[in-house]
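# Tertiary structure, described
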Amino acid sequence: MKIKGKTGTIKDKILENLILNRGKYVSGEMLASEHSVSRAAIWKHVQALRDEGYMIKSSTKEGYTIVGSPDVLAPAEIKAGLKTRMMGKNIHYFKETESTNILARDMAGSVEEGTVVIAESQTGGRGRMGRKWISPEGGIWLSVVLKPRMQPLHAPRITLLAGVAVAKTIREFGLPAKIKWPNDVLINGKKVCGILTEIGAEMDSIQYVVVGVGIDANVDTETFPEEFRDTSTSLKNELGCDINRVEFVQKLLVELEALYLKFQNEGFTSIIEEWRMMSATIGEWVKITTQSRIMYGEAVGVDSDGALILETGEGRLEKIVAGNCEHLRR
Ligand code: BTN
């Protein structure tokens, strides 16, 4: 008999087998024959999993059953029961790394579309406009490699699409997520997620897009640096309890894949419509800082590429393709 389970090292596969058979015992003999190793080797892998914090009960007659997992974003946990076709089929996991975006960019040329790089913490997390992104344990720091067939000038569409996916996922957890142009996800006006999209391209074709998503999930807001405490929040702070990060990542990958496939099959129209519905920026008075100037006005819409339409004090309409947006109080 085949036991459910997919890819990874033998230890990962055993973990996946146990997770997919939660509530039941899986015999050591069956695991041994499935992975073509001895029962003693299976026992050693189970011991290693226990050392990592997995609670695995064993019975001489029945085998092994998993009764508890540590709060880690292990690929085997994420893949178990993941309902996607390509998003997250390959996951590269790091306890700590400099930046998942850097790793994803480095491997982009040689990996399949939908490959995910995920880390428990980042030492050199990168934010937009050259800023640092603080990434302690408890957050969700991941990057996805995509290979869309489109012109580089349309790449911002992928960022907006990712913002919609994150906001929809957060809403599934009962929180009123909105999107601040271009790509911050807010809850009750405070930032909970940032997205950094980086592309590799030739003159008129994209080789890869790396979508980096940073979510303050189970992070205590008291640990935020002073200057962010009034403007940022975490899922834990909003919910009053920890979230299941594995479940969050699984749902996010499902949303991302659904929107990405829709984008490829039907175009961007319905996605930008969803973005508009969840926008925290449209209708706000804003300050826009671009590389060359500062502008004030009312955000009146976004165009089909996701550029912000600003009505300035003089009644002129300006289209802003990239920049920093600050919501001002009227
Ligand atoms: C922003 O400035 O709002 C964007 C922040 C993006 C942070 C994420 S965390 C995962 C990925 N790796 C990085 O180094 N940055 C992105």
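Residues numbered from 1 in each chain as written. Predicted model: local features only at pLDDT ≥ 70, side-chain atom pairs only at ≥ 80, totals over all residues. Heavy atoms only, no water.

## Some thoughts on helix 6 (residues 156-172)
With 17 residues, helix 6 extends 25 Å from end C-alpha to end C-alpha; this agrees with the ideal 24 Å at 1.5 Å per step. Summarising burial for helix 6: 13 of the 17 residues are buried, a large majority. Positioned one or two residues after helix 6, Gly174 has a phi angle of 85°, which is positive. (Helix = DSSP H or I, 4+ residues; strand = E, 2+ residues; numbered from the N terminus. Expected span 1.5 Å × (residues − 1). Buried < 20%, exposed > 50% of the residue type's maximum accessible area, 1.4 Å probe, protein only.)

## Description of the pattern of salt bridges
Tallying each qualifying case throughout the model produces 22 salt bridges. One salt bridge connects Glu198 with Arg105, and the closest N-O pair in it is separated by 2.9 Å. Linking Glu198 in strand 8 (residues 190-201) with Arg105 in helix 5 (residues 100-107), this pair joins segments that are 93 residues apart in sequence. Between Glu226 and Arg229 there is a salt bridge, with the nearest N and O atoms lying 3.8 Å from each other. Judged by its relative accessible area of 61%, Glu226 is exposed. Each of the salt bridges in this network shares a partner with another, and the network as a whole consists of Arg293, Glu314, Arg316 and Glu318. (Salt bridge = Lys/Arg side-chain N within 4 Å of Asp/Glu carboxyl O.)

## Things to note about the sheet that holds strand 12 (residues 308-312)
Read from one edge to the other, the open sheet built from five strands follows the order 13-12-11-10-14, with strand pairing classed as antiparallel. Either end of the sheet is taken by a strand with one partner, and the two such strands are strand 13 (317-320) and strand 14 (324-328). Taking the axes of each pair of neighbouring strands and ignoring which way they run, one obtains an average angle of 45° across the sheet. In the sheet, strand 12 pairs with strand 13 via four bridges, with the strands oriented antiparallel. By the bridge assignment for strand 13, Leu308 is matched with Ile320. (Pairing = 2+ DSSP bridges. Axes fitted to C-alpha atoms, helices over the stretch in contact; angles between N-to-C directions.)

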